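Take a look at the letters that make up each chain.
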Amino acid sequence: MNVREIGSFGGSKEIVDALSSAGVTEFYPPQALAIKAGLLAGDESFVISSPTASGKTLIAEIAALKVFFERRGKIVYTVPLRALAREKYDDFTRKYAGTGLKVAQSTGDYDSAAPWLRDADIIISTNEKIDSLIRHRAPWLPGVSLVVADEVHLMGDESRGPTLEIVLTRLMWRNTRLRLLALSATIPNAAEIAQWLGARLVQSDWRPVPLREGVYYGEAVIFNDGTVTWVERESPDDAVSIALDTIRDGGQALVFVNTRKAAESTALKSSSKIGPLLGDQEKKMLEKLSKELAAGSLEPTRLGKKIAELAESGVAFHHAGVLSSQRRLIEDAFRANRIKLVAATTTLAMGLNLPSRRVIIRDWWRYESGAGMRPLPVLEIKQMAGRAGRPGFDKYGEAVLVARNKRDERHLFENYIKGEPEDIESQLENESVLRAHILASIAGGFTKNREDLNDFLAHTFYARRKDKVRLASMTDGIVHFLIREDMVKADMGLSATRFGHRVSELYIDPLTGVMLRDALRTPEEKLPFPLLHMIARTPDMMVLQLKKKDVDRVLEVYSANAKALLIPDEERHPTEELLGQIKTAWLLVQWVSETPEDGITGLFDVGPGDLHTIVELSDWLLYAASEIAKIFNLKKEQRIISFLRIRVAYGVKEELIPLVALKGIGRIRARNLFNAGYKTREDIGKATVAELEKIPTVGRKIAEDIRRQAILSTEQSA
Ligand code: ADP
């Protein structure tokens, strides 16, 4: 279908022009299907279910352009991950700059109604951020007329699914005006999801590049179309040999494995083989990339160094321990066909939006805490496989599962290649999430009594698919808890107390709110370690696992601090759970004691990416704690926590707090300035640029900049 043909289906000339300047001339089949089904004609909601890279985003763009040109209100575009929001933001701004469409991205700060978004036409956001904006009753929300929800099949994901399900329920419940466009991978129960949302289903199996799926065993890949590819055994690691086979042929490879170590070692093993295949021009580009990767953070870490070194040979690894800025550089370099192989963990597969000629799935099982080693769901394998084949580069894509023995070979064929993906299931039985959403629903004034609340929950996907009786009894328990903890009042109907309101807005689990309040009210002195432990034990924290080799050291830290912990006496025993929290608090203590990043990552066996995640979570939880202290009029506690929060945000000792307030000054530069005798902003204001620029890591530009800031701030306080 040609772009100009949309005139007969409700499209305007403005839309045709915008699409043409974005370089679109012909529609892909799923796009044509959606247009013929009435995408541009009415106000119906749609679920679009089709494979990766089949052009779902453009369907959303067309619907958005229509709303924009007809001035029918705002558009919200929501995705599951921040990294994906950035991609969509770049896409929209690049493609439609000429139309005047104002694009905004909103993914940070969960305690804000983001009033500045008033002027945007389209707001790209994450599911969590939209949830928080709804809780804050952002003033521009009623003006939204189209919501695009990307990757809705993730509703079946244990950790990310429940928030998405609640956001969708909330948006559609008792609201007939809003139009929803839900985009999904190919899933068996797409029709059921469409029915649930009151939407029309558009389904297609079309792929821009044909896909062959096969199993490797005994030096050959047997594909489902009957073809066989022989693979020379160039490495003891089969996955590496299979990757090399395609790279020699001008393709790229993504290899999925189940641990971080395996991702790193796969990249390392392939580097010596791939490096020699590169041309001079390619090598030069990769050297540049390597330098960029190394400069990714001020503090050198072993992991960062490894990544930078490997990049020179055109290979990389990708997992949650890698800094997100470095992950981004790697993804861009892969898209530019500079990096030839990426070895990634299966856990992050969703965020890795990279098409590649060959996708090799070496590990199709994964360790899950509480469950041990589990085989991956068919849906997940199909999602990874679906990334095979680069449009415009490859004539076909190949997904290869690696078998270790003959039995595996048959199993992989029967179960994964011929197998149907599982139905998407609701994950709402996650108590912590349900607790938070029930409070949010009451605090936001969406449900004013038990009948409302029951009716709202009856509209969830959970209620449709699963046990309504169980949902009702869980709800009873949660409402009871919220009343007992003084977050909800049940006089005439249900309403939130001030505490309940604030907890909901702060976007924390109500149980976290209770734990913080109770800890802050204890008579004990509020020292840094106990405060850090206070946040480490909340359900919103990412707690480090206690390993055997840690036990002795962590027990020592426990003994030194046990008495000061802000917890009831009966919980003061060194259980494994408590020791995991102690280990996490101890990592934070190292961080605010200015232990170098590399020292911390080595000592705690975590990657720089994990450290940053923990720091970010702690910053948010300390903010929540200081806000709760404010509600209960605990002024001294509030002040102490605010200082600690700055220390955590920057990873500094108390004496550096005045210096990190300057823009462009992190923990390293602040320490260098302090050691050179510049201990306050006043000291910096009095120094000359020539003196400041001599200090390591400072340099002329920063010297000028911080001197200006310092003078300004001392003038203001004078
Ligand atoms: P999905 O959302 O289904 O995974 P995308 O929307 O990301 O797929 O599309 C994959 C690629 O195809 C993108 O690079 C996009 O620009 C391109 N594309 C989509 N529709 C068209 C079209 N009609 N003509 C040319 N390229 C298209």
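That block above? That's the structure.
An account of the accompanying structure is given in this report. (Residues numbered from 1 in each chain as written. Predicted model: local features only at pLDDT ≥ 70, side-chain atom pairs only at ≥ 80, totals over all residues. Heavy atoms only, no water.)

**Remarks on the overall build of the protein chain**
Alright, step 1. Secondary structure summary: the protein chain contains 31 helices and 19 strands in total.
Alright, step 2. A globule of 718 residues ought to have a C-alpha radius of gyration of about 27 Å, and the protein chain, at 27 Å, matches this closely.
Alright, step 3. C-alpha extents for the protein chain along the principal axes are approximately 70 × 70 × 55 Å.
Alright, step 4. With 718 residues in all, the protein chain has 56% of them scored as buried.
Alright, step 5. Considering only contacts within the protein chain whose residues lie at least 6 apart along the sequence, 69% involve residues at least 24 apart.
Alright, step 6. Summing over all exposed atoms, the protein chain offers an accessible surface of approximately 30900 Å²; the carbon and sulfur share of this is 51%.
Alright, step 7. Within the protein chain, the 97 negative side-chain charges are centred at a point lying 3 Å from the centre of the 100 positive side-chain charges. (Helix = DSSP H or I, 4+ residues; strand = E, 2+ residues; numbered from the N terminus. Rg over C-alpha atoms; globule rule 2.2 N^0.38 Å. Buried < 20%, exposed > 50% of the residue type's maximum accessible area, 1.4 Å probe, protein only. Contact = heavy atoms within 4.5 Å. Areas by Shrake-Rupley, 256 points an atom, 1.4 Å probe, with all protein chains shown as cover. Lys, Arg positive; Asp, Glu negative; His and termini not counted. Charge placed at Lys NZ, Arg CZ, Asp CG, Glu CD.)

**Remarks on empty space enclosed by the protein**
Alright, step 1. Across all of its chains, the model carries one cavity of 30 Å³ or more by this definition.
Alright, step 2. Estimates place the volume of the largest cavity at around 60 Å³.
Alright, step 3. Lining the largest cavity are Glu213, Gly214, Ile361, Ile381, Lys382, Ala385, Ala399, Val400, Leu401, Tyr416 and Ile417.
Alright, step 4. Those elements that provide at least two residues to the lining of the largest cavity are β8 (211-217), α13 (378-385), β17 (397-402) and α14 (406-417).
Alright, step 5. The residue makeup of the lining of the largest cavity, split by class, is eight nonpolar, one polar and two charged. (1 Å grid on protein atoms, 1.4 Å probe; cavity = no way out; pocket = protein on both sides within 12 Å on 5 of 7 lines; lining within 4 Å. Points joined across faces, edges and corners; volume = space filled by probe spheres on them. Nonpolar A, V, L, I, M, F, W, Y, C, P; charged D, E, K, R; others polar.)

**Focus on a nonpolar patch on the surface**
Alright, step 1. On the surface, Ile222, Val228 and Trp230 cluster together into a nonpolar patch covering about 320 Å² of accessible area.
Alright, step 2. Looking at Trp230, the relative accessible area reads 63%, which means it is exposed. (Patch = residues over 30% accessible without salt bridge, like charges linked within 9 Å, V, L, I, M, F, W, Y side chains within 5 Å. Salt bridge = Lys/Arg side-chain N within 4 Å of Asp/Glu carboxyl O.)

**Observations regarding the sheet that holds strand β3 (residues 103-106)**
Alright, step 1. Pairing within the open sheet is parallel, and its seven strands lie in the order β3-β4-β2-β5-β6-β1-β7. Two strands lie at the open edges of the sheet, namely β3 and β7 (199-203), each paired on one side alone. Each strand of the sheet is rotated relative to its neighbour by a mean of 15°, with strand direction disregarded.
Alright, step 2. As judged from the five bridges shared by strand β1 (residues 45-49) and β7, these two strands associate in the parallel manner. Bridged to Phe46 within β7 is Arg200.
Alright, step 3. Set on the sheet, helix α3 (residues 56-69) makes contact with β1, β2 (74-79), β4 (122-126), β5 (144-149) and β6 (179-184); between it and β6 the angle comes to about 165°. (Pairing = 2+ DSSP bridges. Axes fitted to C-alpha atoms, helices over the stretch in contact; angles between N-to-C directions.)

**Topic: helix α22 (residues 551-561)**
Alright, step 1. Within α22, burial applies to Val554, Val557, Tyr558 and Asn561. An end-on view of α22 places all buried positions within 105° of arc, on one side of the element. Away from its buried face by more than 90 degrees, α22 exposes Asp552, Glu556, Ser559 and Ala560.
Alright, step 2. As for α22, its buried residues are in contact with α21 (528-536) and α23 (576-592). (Arc of directions from axis to C-beta.)

**Observations regarding the site of the ligand**
Alright, step 1. Neighbouring the ligand are 13 residues, the closest being Glu26, Gln31, Ala53, Lys56 and Thr57.
Alright, step 2. Take Glu26: an N or O atom from its main chain is 2.8 Å from a nitrogen atom of the ligand.
Alright, step 3. Within the backbone of Ser54, an N or O atom sits 3.2 Å from an oxygen atom of the ligand.
Alright, step 4. No other element matches α3, which puts three residues into the shell around the ligand. (Near = heavy atom within 4 Å. Polar contact = N/O pair within 3.5 Å; in protein donor to acceptor, adjacent residues only side chain to side chain.)

**Regarding the packing of helix α24 (residues 597-604) against helix α25 (residues 608-631)**
Alright, step 1. Running from amino to carboxyl end, α24 crosses α25 at an angle of 100°, the nearest separation of the two axes being 9 Å. Taken together, the axis directions place α24 and α25 in an arrangement best described as roughly perpendicular. Every residue of α25 that contacts α24 at Glu597, Ile600 and Thr601 is listed here: Pro608, Leu611 and His612.
Alright, step 2. In terms of residue class, the contact of α24 with α25 is built from three nonpolar, two polar and one charged. (Parallel < 35°, antiparallel > 145°, perpendicular 65-115°, else oblique.)

**Re the pattern of salt bridges**
Alright, step 1. Per the counting criterion, the structure on display carries 62 salt bridges.
Alright, step 2. For Asp249, the salt bridge identified is with Arg357, shortest N-O distance 3.4 Å. Here Asp249 is found in the loop between α8 (238-247) and β11 (253-257), whereas its partner Arg357 is found in the loop between β13 (341-345) and β14 (358-361), with 108 residues between them in sequence.
Alright, step 3. Residue Asp363 is joined to Arg362 by a salt bridge in which the shortest nitrogen-to-oxygen separation is 3.1 Å.
Alright, step 4. One connected set of salt bridges, linked through shared partners, spans Glu192, Asp423, Glu425, Glu429, Arg465, Lys466 and Arg470.

**Concerning the packing of aromatic side chains**
Alright, step 1. Counted under the stated rule, the structure contains 10 aromatic pairs.
Alright, step 2. Seen in terms of ring centroids, Phe68 and Phe69 are 5.2 Å apart; in terms of plane orientation they differ by 50°. Their pairing is tilted. When sorted by exposure, Phe68 lands in the same class as Phe69, which is buried.
Alright, step 3. The interplanar angle of 75° and the centroid separation of 5.8 Å between the aromatic rings of Tyr77 and Phe92 together place this pair among those described as edge-to-face. With Tyr77 in strand β2 and Phe92 in helix α4 (residues 82-96), this pair connects stretches of sequence that are 15 residues apart.
Alright, step 4. When its relative accessible area of 1% is taken as the criterion, Tyr77 is described as buried.
Alright, step 5. Taken together, the ring pairs in this structure connect Tyr77, Phe92 and Tyr96 into an aromatic cluster.
Alright, step 6. Sitting over the face of the ring of Phe446, Arg137 holds its NZ or CZ atom 4.6 Å from the ring centroid.
Alright, step 7. We note Arg521 situated over the ring of Phe632; from NZ or CZ to the ring centre the distance is 4.6 Å. (Phe/Tyr/Trp six-rings, centres within 6.5 Å; stacked < 30°, edge-to-face > 60°. Lys NZ or Arg CZ within 6 Å of the ring centre and 35° of its normal.)

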